[in-house]
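Survey of secondary and tertiary structure
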Amino acid sequence: VFAPMQITVERVLIGALFLLPFALRSLRRNAIRLTRSDWSYFALLGFLTVTLHMSLLQMAVLHMDASATSIIYSGNPVFALAAAHLILHEPLKRNHLIAIGIELIGILFILNPAKLEVSPRGFAEILTATVLFAMYGTLCKLRIPRLGGLVITTFSLLLGSLELLALLLLGHIPAVGALYRSLGLDIFADVPFFTGFTLRSALLLCYVGIFCAAIGFLLTAKITEYTSATEASFVYLIKPVLATLLAVVCFRETISVNRMIGLVFFLAASLCVSLPVLREMRRDAVTAQPPR
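Scope of this entry: the structure provided in the associated data block. This is a predicted model, so every value here is computed, not measured.

1. Section: the pattern of salt bridges
Evaluation of the coordinates by the stated rule reveals 5 salt bridges. One salt bridge in this structure joins Asp38 and Arg143, with 2.7 Å as the shortest N-O distance. One end of the pair, Asp38, is in helix 2 (residues 36–63); the other, Arg143, is in helix 6 (residues 120–147), with 105 residues separating them in the sequence. With relative accessibility at 0%, the residue Asp38 sits in the buried group. We note a salt bridge from Lys222 to Glu225, for which the minimum N-O separation is 3.3 Å. Here Lys222 and its partner Glu225 are both found in helix 9 (residues 199–226), 3 residues apart, which amounts to about one turn of the helix. Overall, the relative accessible area of 25% leaves Lys222 in the partly exposed class. The structure contains a network of salt bridges with shared partners spanning Asp38, Arg143 and Arg146.

Below is the structure:
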């Protein structure tokens with residue numbers, strides 16, 4: 001019932017406004033004053049994450065089926081590993097590199113180059129969105145020690161939603177709307193903001209705004225806060241399995257054999273990263289216990 005970009009901008013704005021009171025309280029409690037540099041940082045993250053990344057993600061969903069989009073999007077660790085190493089100088093661990101190799105094999109099975117099952121345009125859109133989200137997770141780490149994941153998530157979502165809203169409002173100007181259409185960006189032109197609202201649709205919009213946008217992005221930042229940008233990105237290896245199950249249940253999508261094989265590789269890659277982390281956490285817990 002909602003236009004594609006209408007639900008994109010409104011859900012992010014709802015999520016940001018939901019988190020805003022908690023972020024302001026965190027700033028007061030920790031006596032943090034935001035600087036002009038902080039606002040520029042939030043604006044950059046918002047532009048990368050909301051204006052570009054979420055727009056491309058929405059367009060990809062229009063050109064590909066839901067499960068293929070989510071599976072390719074889960075290639076995030078490939079780019080996050082490189083970004084975290086180059087920007088944050090995080091070490092390249094052996095199990096991370098093995099997991100990347102396994103994941104790439106899984107992606108090849110899913111895409112099936114011999115008989116490509118995905119839209120080339122949709123693939124380009126989702127691949128670019130994946131790179132942008134990997135950059136977001138890496139750049140988050142830069143100021144997490146001072147600001148914390150909650151503040152970074154809230155203000156990057158807030159500024160990003162306002163940036164996207166400005167672009168959509170420009171699309172109501174006939175000349176700008178015509179330019180959007182000439183560039184193949186029809187979904188940015190004449191976007192309605194107040195249509196499609198019923199009690200049920202409003203509740204669903206609040207759900208995707210609060211839980212998927214606000215809490216989802218906040219948890220991503222919190223994982224980065226407690227581990228590393230690299231290991232936080234590997235959480236996305238479990239996403240294609242869940243996304244495929246939901247696509248089958250909700251949309252009755254048919255999953256091909258090669259895609260199911262690819263999912264097995266994704267699971268293996270996820271275990272390759274998560275099991276050493278769990279073992280390390282267990283060792284730390286045992287070491288922290290006082291001697292009897």
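2. Description of the packing of aromatic side chains
Within this structure, the stated rule accounts for 12 aromatic pairs. Ring centres 5.4 Å apart and planes at 15 degrees place the aromatic pair Phe109 and Phe265 in the stacked group. A residue pair is termed long-range when its members are at least 10 positions apart, and Phe109 in helix 5 (residues 94–111) and Phe265 in helix 12 (residues 257–288) qualify at 156 residues. Relative to Phe217, the ring of Phe133 has its centre 5.6 Å away and its plane inclined at 75 degrees; by these criteria the two rings are edge-to-face. Placement of the pair is Phe133 in helix 6 and Phe217 in helix 9, with a sequence separation of 84 residues. Cluster of aromatic residues (ring-pair linked, three or more members): Trp39, Tyr41, Phe42 and Phe155. The ring of Tyr41 has Arg143 lying over it, and the distance from NZ or CZ to the ring centre is 4.7 Å.

3. Thoughts on the nonpolar core
With 56 residues, the main nonpolar core has Phe42, Ile152, Phe155 and Leu168 as its most contacted residues. When contributions to this core are tallied by element, the ones reaching two or more residues are helix 1 (4–29), helix 2, helix 3 (66–73), helix 5, helix 6, helix 7 (149–170), helix 9 and helix 12. Counting residues per element, this core draws most heavily on helix 2, which supplies 10 residues. Discounting residues that sit within four places of it in the chain, Leu168 has contacts with Met5, Val9, Phe188, Val191 and Phe193. By size, the runner-up hydrophobic cluster in this structure holds 8 residues, among which are Leu81, Ile102, Phe234 and Val273.

4. Let's talk about a nonpolar patch on the surface
Where nonpolar side chains cluster on the molecular surface, the patch consists of Val235, Ile238, Leu242, Leu245 and Leu267 and spans about 410 Å² of accessible area. By secondary structure assignment, the location of Ile238 is in the loop between helix 10 (229–233) and helix 11 (239–251).

5. Structural notes on the side chain of Arg11
By secondary structure assignment, the location of Arg11 is in helix 1. At 10 Å, Glu10 is the nearest oppositely charged side chain to Arg11, a buried residue that forms no salt bridge. Contacts of Arg11, omitting those with residues within four sequence positions, involve Met54, Leu205, Val208, Gly209, Cys212 and Ala213.

Reading the values: rules and limits
- Residues numbered from 1 in each chain as written.
- Predicted model: local features only at pLDDT ≥ 70, side-chain atom pairs only at ≥ 80, totals over all residues.
- Heavy atoms only, no water.
- Salt bridge = Lys/Arg side-chain N within 4 Å of Asp/Glu carboxyl O.
- Helix = DSSP H or I, 4+ residues; strand = E, 2+ residues; numbered from the N terminus.
- Buried < 20%, exposed > 50% of the residue type's maximum accessible area, 1.4 Å probe, protein only.
- Phe/Tyr/Trp six-rings, centres within 6.5 Å; stacked < 30°, edge-to-face > 60°.
- Lys NZ or Arg CZ within 6 Å of the ring centre and 35° of its normal.
- Core = buried A, V, L, I, M, F, W, Y, C linked by side-chain atoms within 4.5 Å.
- Contact = heavy atoms within 4.5 Å.
- Patch = residues over 30% accessible without salt bridge, like charges linked within 9 Å, V, L, I, M, F, W, Y side chains within 5 Å.
- Areas by Shrake-Rupley, 256 points an atom, 1.4 Å probe, with all protein chains shown as cover.
- Lys, Arg positive; Asp, Glu negative; His and termini not counted.

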